[in-house]
Structures are given as C-alpha cells and as structure tokens.
Amino acid sequence: MDLTYKRKNVLKEVDEEEKEVVFSYAEGYKTFLDNGKTEREAVAETIAMAKKAGYKEYALGQKIEPGDKLFFNNRGKSLFLIKAGKKELIEEGIRILVAHVDSPRLDLKQVPLYEKNELAYLKTHYYGGIKKYQWMTIPLALHGVIVKKDGSKVEVKVGENDDDPVFYVTDLLPHLSQEQNEKKVSVAFNPEKLNILVGAIPLPEEEKDAVKKGVLEILNKLYGISEEDFLSAEIEAVPAFKARDVGFDRALVASYGHDDRVCAYPEITATLGTETDRTVMTILADKEEIGSEGNTGMQCDLIADLIDCIADGYGVSSALLRARSKCLSADVTAAYDPAYADAFEEKNVAYLGKGVAMNKFTGARGKSGSNDASAEYVGFLRCLFEKEGVIWQTGELGRVDLGGGGTVAKYLANRNIDTVDLGVPVLSMHAPYELIGKADLYQAHKAFSAFIK
Ligand code: MN
Ligand code: MN
C-alpha cells in the first residue's frame, strides 16, 4: 500500500473520452476570453449566456422564491446569478461561487490626450499589479465607455478586428539602453512613460497641437465627443492578442486575462449546466485587482443584502443562512515555473496540468491578510471531490517571505461563510499574455459542478 501523497497529471490519468471533453471545453473558453476582455464585457457576455439558460433580470429588494433563476447586474461591472433551490434544502445554506472579471491593464487618465513633437499620446494609470516593461511594444486595444455631457453613453472597442488599428507604448532601443540597463527594474520603468501612441498626422491648417487636434476630429466623427468627454470615461487599454493554443500538443492556452476568467468561465458553465436542488449564488466580481473596494467589489454590502433577500423569500434567518453557506473563492494561483524554480517551494506549489488547485491560505509573510480555511472545510471538499472524481492539488503562492497576494476569500469568510480558494494554476500571472493548462480548466468546471450539485 502506497501511503505517500502524489499529485496526478490529469491528461495521464483520464480516459480518451474525457481527454476530448477537456479539449472541446477549452474552445468555448477561448471564445469567452476574446469576447470579454474587460469586466463590463465579461458581465455582458455572461448575461447573454444566462438569458439563454432562462435566467431573468432581478431588481434589488424583489422577493426571491424557490425555483427562481435570476441575474442581478450590478452597474454593468459585476454580476450575481441566483438559482433559488428547493425550500427543504435551504437549511443547508447557499453554495456560493465567486470569481473576478477585472484584470490588470492600463486605464486612461481623465485628461489623457496630449501631443509631443508631432506625435499624439494618451496618458495612462496602470490598474492592478503589473511589470511595467511587459506592456511596452505590444499591440493594445482600447475598450470602455464614455459618458457624454448630455448623459448619453457611447461604447469604445478598437483594436480587436483584424483591420482595426492597434495602439502602442514605446520602449528605448537596446543600442541606447546602457543607462537604463544599470537601473533596478523597480525604478527603470517610469509609469508616467506608459503613454499610448495614438496619432501622427498633423492637421495642415493648425499651428499648435495639430496632431492632437486631428485625433480629436477622428474621435468626434466616431463617437461624437470632445476632449472634455474623457472626464467621464472609463477606457481600458488591454492587449490586442487573441487567445491561442500553445505547444505542439495544444495542452495550454495563452491569453490576456486568464486571471480570473479562467475561474469565471467554469463557474458560469457549472452554474448554468448543473441540475441541482440547492440554492446557488454565482458571483462575477470587479475590483479584485485593486483590493475589492467600492460598490462593484466584494467588500461591498451587496452580497449580504442579496442573502437577506433570499432569507426573506424562504422565511429563514439571514444569520443562520450565512452561517450554513459554503463558498469557493475561485481565483487563480501561481503555477510552478521551472525557469524560476527558486521562487517556489516544490512540495506545496501547484503544478500546471495537475488539476484545479486549492490554496488553504494566501497572504504575505506570516499568512498576513489571509483567510486560512479550516481543516474541517478542506476535509469536506476533499471528500466531495473524491466522490465526484475531481482531480485537484494543493497550492501555495510561492516561497515564504518572497512576496504574497490575496483574493476575495476573506471578504466572504468575514461574513461568517466557510470559504477556501480553489482555482486554476497560471504561468506568467498578470503578464499581458498568461498561460494555463486545458486539463486544469476542465477540472475547475468539474469541481464547481460537484460543489453546487
Ligand atoms: Mn485573481
Ligand atoms: Mn490577479
């Protein structure tokens, strides 16, 4: 009898039939990635999927009753799917899945447009944790909304079609980088230099800012805006890359924004595709990358309000309902990277291709800022996954004291809900083009389906 713990390689473990499912499932995911590069687009894409599955729009305060299938669109930037289960099962609480749909990117500043030496640029302020140099010299697309002075809203999406222009942040040529090369990486790349090149043709009749004025004329023609309209705009520069298979055997997918759509997508397919008598709440959160603040982030009271509405509808105590609820905080974790082996602790890090990864805790230093899930809750999930044939592994962000990170887990747990992090391991996390394994993605779908069944 082998008493040792070993991770399993999913594609070595599963039969041909499941292997095929793993690969075909990833096709749907790639489409989801390309159609939903921002939190707003991912929410819109999910609403369309939910409507097809019979979900109806919910208005806050409305009574929630057994059998209801509802979606609550929170300001177009975060989304709650509520599947109201059988009354008898409400005693067992709500099964909650939460992933986030915001990803690191470059946001435009509120007065972004300027001209320097007959080149027009947009100034940016980066969002989330990025390595600044990774965002230079790659094709960027602009996505977002502009709210005009009259209150009307226009949507912007340029750089995604093959015949669209893309946008670009320059970097210094290596021939002249001697001084730059001597600097520490943390100071070598000034975020005020992450300006996006958007035009180079001067208007012939203009003396000053002739290129900038030319760009404004184009924007006016396209969107009916003037420079002032940027004041009330949210425009995000994201990589213009499409999701692509990686490797001769196509086991991996490269894309922008795997963190955390690689958990959001299986969360959605599990919710829409699983027959269950339980009450399920599936959340797509915003603002995770900047601390889950604000009224579209998971620190907002909205989740408690929605649980209150469910408790009201079922005539049960909200406090009891929360205490009995269980949550999977579906977020990515770092995958072991052999090229940077030093950064990880080999026994406890998650590995690409070895299943969906559970992080009992996250945080920094002495687990600071972490929801450290209980052995009991981890044990409960272990039994469940064993029974349902989910291949999973344990994970830890990296070597102790090297850095750290957090997820929304603690904001759920702080509301007296058993919560643990379960998600897909990612290579090159927060890079403009991240990498995941198709096998792990499908195990996430299986894990989330098992959890809500
Ligand atoms: Mn994340
Ligand atoms: Mn992240």
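Scope of this entry: the structure provided in the associated data block. (Residues numbered from 1 in each chain as written. Chains lettered and ligands numbered in written order. Predicted model: local features only at pLDDT ≥ 70, side-chain atom pairs only at ≥ 80, totals over all residues. Heavy atoms only, no water.)

Okay, empty space enclosed by the protein next. Counting across every chain of the model gives 1 cavity of 30 Å³ or more. Of the pockets and cavities examined, the largest cavity occupies roughly 50 Å³. Along its surface, the largest cavity is lined by N74, S78, F80, A285, N295, T296, G297, M298, C300, L302 and I303. Contributing elements (two or more residues each) for the lining of the largest cavity: β3 (78–83) and α8 (302–314). (1 Å grid on protein atoms, 1.4 Å probe; cavity = no way out; pocket = protein on both sides within 12 Å on 5 of 7 lines; lining within 4 Å. Points joined across faces, edges and corners; volume = space filled by probe spheres on them. Helix = DSSP H or I, 4+ residues; strand = E, 2+ residues; numbered from the N terminus.)

Here we take up the coordination of the manganese ion (ligand 1). Looking at the manganese ion (ligand 1), the protein donor atoms are H100 (NE2), D259 (OD), D331 (OD) and D331 (OD), and they sit 2.1 to 2.6 Å from it. For the manganese ion (ligand 1), all donor residues lie on one chain, and their spacing in sequence is H-x158-D-x71-D. The exposure class of H100 is buried, given its relative accessible area of 1%. (Donors = N, O, S within 2.8 Å, 3.2 Å for Na, K, Ca; no water. Buried < 20%, exposed > 50% of the residue type's maximum accessible area, 1.4 Å probe, protein only.)

For the largest pocket, the calculated volume is near 1,300 Å³. Taken together, 50 residues make up the lining of the largest pocket; nearest its centre are A334, L397, G404, G405 and M429. Looking at the lining of the largest pocket, the elements that each hand over two or more residues are β15 (333–334), β16 (356–359), β17 (363–364), β19 (404–405), α11 (409–413) and β20 (418–423). Taken together, the residues of the lining of the largest pocket break down into 20 nonpolar, 17 polar and 13 charged. (Nonpolar A, V, L, I, M, F, W, Y, C, P; charged D, E, K, R; others polar.)

Moving on: the sheet that holds strand β5 (residues 105–116). On the basis of which strands lie adjacent, the open sheet formed by 6 strands has the order β8-β7-β10-β5-β6-β9 and antiparallel pairing. Each edge of the open sheet carries a strand with a single partner, namely β8 (153–158) and β9 (196–199). The average angle at which neighbouring strand axes cross in this sheet is 30 degrees, direction not considered. Across 6 bridges, strand β7 (residues 140–147) lies against β8 in antiparallel orientation. The partner of H143 across the bridge, within β8, is K157. (Pairing = 2+ DSSP bridges. Axes fitted to C-alpha atoms, helices over the stretch in contact; angles between N-to-C directions.)

Within this structure, the stated rule accounts for 28 salt bridges. Here E192 ties to K109 by a salt bridge, and the two come within 3.0 Å at their closest N and O atoms. Taken together, the residues span a long stretch of sequence, with E192 in the loop between α5 (185–188) and β9 and K109 in strand β5 at a distance of 83 residues. A relative accessible area of 24% means that K109 is categorised as partly exposed. (Salt bridge = Lys/Arg side-chain N within 4 Å of Asp/Glu carboxyl O.)

At this site the manganese ion (ligand 2) is bound by D259 (OD), E289 (OE), E289 (OE) and H430 (NE2), with donor distances of 2.0 to 2.6 Å. Separating the manganese ion (ligand 2) from the manganese ion (ligand 1) is a gap of 3.3 Å, which D259 spans by donating to each of them. Of this pair, D259 sits in helix α7 (residues 258–273) while H430 sits in the loop between β21 (425–426) and β22 (434–437); the two residues are 171 residues apart in sequence, bridging distant segments of the chain. As far as burial versus exposure is concerned, D259 and H430 are alike and both buried.

Counting across every chain of the model gives 14 aromatic pairs. On the basis of an interplanar angle of 50 degrees and a centroid distance of 6.5 Å, the ring pair of F72 and F80 is categorised as tilted. An aromatic cluster is built from Y25, Y29, F32, Y265 and Y442, whose rings are joined through pairwise contacts. The ring of F451 is capped by R95, whose NZ or CZ atom sits 5.4 Å from the centre of that ring. (Phe/Tyr/Trp six-rings, centres within 6.5 Å; stacked < 30°, edge-to-face > 60°. Lys NZ or Arg CZ within 6 Å of the ring centre and 35° of its normal.)

Right, let's get into helix α3 (residues 39–52). Helix length check: α3, at 14 residues, gives a terminal C-alpha distance of 20 Å against a target of 20 Å (1.5 Å per residue), a fit within 8%. Listed as buried for α3 are E39, R40, E41, A42, V43, T46, I47 and A50. One or two positions beyond α3, positive phi appears at G54, with a value near 90 degrees. (Expected span 1.5 Å × (residues − 1).)

Right, let's talk about the sheet that holds β16 for a bit. Taken together, the 9 strands give an open sheet; going across it, the order is β1-β2-β3-β13-β4-β14-β20-β16-β18, and neighbouring strands pair in mixed fashion. Strands at the two margins of the open sheet, each flanked by one partner only, are β1 (56–57) and β18 (392–394). Sheet topology places strand β2 (residues 69–74) next to β3; 6 bridges connect them, and they run antiparallel. Its bridge partner being in β3, F72 is matched across the sheet by F80. Along the sheet, helix α10 (residues 375–388) contacts β4 (94–100), β14 (326–329), β16, β18 and β20; its crossing angle with β20, the most-contacted strand, is approximately 50 degrees. Along the sheet face, helix α12 (residues 438–452) touches β4, β13 (279–285), β14, β16 and β20 and points at about 155 degrees away from the line of β4. (Contact = heavy atoms within 4.5 Å.)

Okay, the nonpolar core next. In globular proteins that are soluble, nonpolar side chains generally tend to be buried together. L328, L381 and F448 are the most contacted members of the largest nonpolar core, which has 52 residues in total. With 8 residues, the top contributor of residues to this core is α12. Apart from residues lying up to four places away in sequence, L381 is in contact with L328, M358, V420 and F451. Counting 35 residues, the second-largest nonpolar core is a separate cluster that includes I138, L140, A141 and I146. (Core = buried A, V, L, I, M, F, W, Y, C linked by side-chain atoms within 4.5 Å.)

Next up on the list: the pairing of β2. Sheet analysis places β1 next to β2, joined by 2 bridges and oriented parallel. Of the residues in β2, the one forming a bridge with K56 is L70. Taken together, β2 and the strand that follows it, β3, pair antiparallel across an intervening segment of 3 residues, in which R75 is found at a positive phi of about 60 degrees.

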